[in-house]
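Overview (structure and organization)
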Amino acid sequence: MAIVNGNYANLKESYLFADIANKVAAYAKANQDKKIIRMGIGDVTLPLAPVVVEAMAKAVAEMGVKETFRGYGPEQGYDFLREAIAAYYQSFGVSVDAKEIFVSDGAKSDCGNITDIFSNANTILIPDPVYPVYLDTNIMCGRKVIYMEGNPENGFLPMPPKDVKADIIYLCSPNNPTGAVYTKEQLEAWVAYAKANDSVILYDAAYESFVVDPTVPRSIFAIEGAKDCAIELCSMSKTAGFTGTRCGYTVVPLGLVRKNEDGVEMNLNKMWLRRQTTKFNGVPYITQRGAEAAFSPEGVKQCKEMVAYYLENARILVEAFNKLGFTFFGGVHSPYIWLQCPNGLGSWEFFDLLLEKFAIVGTPGVGFGKCGEGYFRLTGFGSHEDTIEAVNRLVEGFGK
């Protein structure tokens, strides 16, 4: 008899986005004359940068000619892309060896798969509210999970606990869903904690390109000693609009080692390489050529213009919420605004109010964990026109 993984029974049913879709569909059917403005999903809306499209088109043409056709590529990514990513890191003062970079089909996949190289005996430290993949991945493996609360008092940036020892720590900065960003000093405290406890930090830097202050770290490896205790997961989805094109990368330092349950020291870079060569056939050549172009000087310029567009939307929202006197986090180094629901409303109550009264869709904060109750995530990933219209509706409605 085949026996299934019973840990899946411990997963909570994920009704969040299904419930949102059902509520929005019912509202749209009953209000066909209303324009619904969707500000809930964390998906980009601008097209790929021209330099990326040009590079991918060229790569498609190459695939149609025998002399330039490519079959299986290296599982860890083509050298041309890994070297381009290393140069990108260098552009903001972080040194990463190309051999430490592993190209993947996105940070979400790597967030889930990276735990393959860790024992299920590890204790996991996860922030709340949180990107659900961190939690669900570890529940599937039956690992012990400890939560660290994000709240207004700590700016939704939990710091190292004094009385808890964790083996694997998930950090995300700029944070999804709260938009909060760790300072250099705060990350130094986390690196010190990880080194003191022989822990490993899994650092999600998917939104690093939204950081506008040069004093704010865009990589955990900007912190001295981080290569001894951290793995970084990155995404091209928000940096270059690759949500539908699928490309990301993970950085595993060459010298990062930890012991197995028998006390034998093992190299995590070699372990991840072994895992990828066994379970992954690599990202398509066409996609990697597009990613390479995104990291070229012209590509970086064009992609920064896209990021600036979304940040302007966030600024418009921030300006409106300041005017209304609402309490919120994020919106500066992030496309997300983490809004405290006004008048003591719960997350779903505020969702219903926004939809029914203003025809605006966001994401109830409670969907990201119990500490998200009473909060609401709005995104700057729409158009300027829709963002301005949404703001006008809110100011008119709440400003009275």
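Preceding block: the structure.
We now turn to the structure provided with this report.

About the cut-offs
- Residues numbered from 1 in each chain as written.
- Predicted model: local features only at pLDDT ≥ 70, side-chain atom pairs only at ≥ 80, totals over all residues.
- Heavy atoms only, no water.
- Core = buried A, V, L, I, M, F, W, Y, C linked by side-chain atoms within 4.5 Å.
- Buried < 20%, exposed > 50% of the residue type's maximum accessible area, 1.4 Å probe, protein only.
- Helix = DSSP H or I, 4+ residues; strand = E, 2+ residues; numbered from the N terminus.
- Contact = heavy atoms within 4.5 Å.
- Expected span 1.5 Å × (residues − 1).
- Arc of directions from axis to C-beta.
- Phe/Tyr/Trp six-rings, centres within 6.5 Å; stacked < 30°, edge-to-face > 60°.
- Polar contact = N/O pair within 3.5 Å; in protein donor to acceptor, adjacent residues only side chain to side chain.
- Pairing = 2+ DSSP bridges.
- Axes fitted to C-alpha atoms, helices over the stretch in contact; angles between N-to-C directions.

1. Details of the nonpolar core
- Ile-169, Leu-171, Trp-190, Ile-220, Met-236 and Tyr-249 are the most contacted members of the largest nonpolar core, which totals 62 residues.
- At 7 residues, the largest contribution of residues to this core is made by helix H3 (residues 79-91).
- Not counting residues within four places of it along the chain, the set of residues in contact with Met-236 comprises Gly-241, Phe-242, Cys-247, Gly-248, Tyr-249, Ala-291, Ala-294 and Phe-295.
- Membership of the second largest hydrophobic core comes to 32 residues, among which are Met-39, Val-318, Phe-351 and Leu-394.

2. Digging into helix H11 (residues 347-358)
- For H11, which comprises 12 residues, the first-to-last C-alpha distance of 16 Å matches the rise-based estimate of 16 Å (1.5 Å per residue) to within 8%.
- Of all the residues in H11, the buried ones are Ser-347, Phe-350, Phe-351, Leu-354, Leu-355 and Phe-358. Seen from one end, H11 has its buried residues packed into an arc of 130 degrees, which puts them on one side. Exposed and facing more than 90 degrees away from the buried side of H11 are Glu-356 and Lys-357.

3. Looking at the packing of aromatic side chains
- A full pass over the atoms with the stated rule returns 29 aromatic pairs.
- For the ring pair Tyr-78 and Phe-80, a centre distance of 5.2 Å and an interplane angle of 10 degrees mean the geometry is stacked. Here the two residues Tyr-78 and Phe-80 agree in accessibility, since each one is buried.
- Centroid distance Tyr-78 to Tyr-285: 5.5 Å. Interplanar angle 75 degrees. Geometry classified as edge-to-face. Residue Tyr-78 is found in the loop between helix H2 (50-63) and H3, and its partner Tyr-285 is found in helix H9 (residues 285-294); the two are separated by 207 residues along the sequence.

4. Observations regarding unusual backbone geometry
- With omega at 5 degrees, the peptide bond leading from Asp-128 into Pro-129 counts as cis.
- The residue Pro-129 is located in the loop between strand E3 (123-128) and helix H5 (132-141) in this model.
- Backbone torsion omega between Asn-176 and Pro-177 reads 25 degrees, so that peptide bond is classified as cis.
- If you trace the backbone, Pro-177 turns up in the loop between strand E5 (168-172) and helix H6 (184-196).
- The phi dihedral of Asp-198 is positive, around 55 degrees, even though this residue is not glycine.
- Positionally, Asp-198 belongs in the loop between H6 and strand E6 (200-204).
- With phi around 55 degrees, Ala-359 is a residue other than glycine that occupies positive phi space.
- Counting through the fold element by element, Ala-359 comes out in the loop between H11 and strand E13 (360-361).

5. So, the environment of Tyr-89
- Checked against the element boundaries, Tyr-89 lands in helix H3.
- Taking the C-alpha atoms as reference points, Tyr-89 and Arg-218, separated by 129 residues in sequence, lie 9.1 Å from one another.
- Those residues in contact with Tyr-89 that lie beyond four places of it in its chain are Val-94, Val-96, Ser-219, Glu-232, Cys-234, Tyr-249 and Val-251.
- Side-chain polar atoms of Tyr-89 contact the side chain of Glu-232, separated by 2.6 Å.

6. Describing the sheet that holds strand E15 (residues 375-379)
- Strand order in the open sheet formed by 4 strands is E11-E12-E15-E14, and the pairing between neighbours is antiparallel. Two strands close off the open sheet at either side, each with one partner strand: strand E11 (328-330) and strand E14 (363-364).
- Two elements, E14 and E15, share 2 bridges in a ladder whose sense is antiparallel. Bridging from a neighbouring strand, Pro-364 pairs with Phe-376 of E15.
- Strand contacts of helix H10 (residues 297-324): E11, strand E12 (336-340) and E15, with the helix running at about 20 degrees to E12, the strand carrying the most contacts.

Without other data, these values stay purely geometric and don't point to any function.
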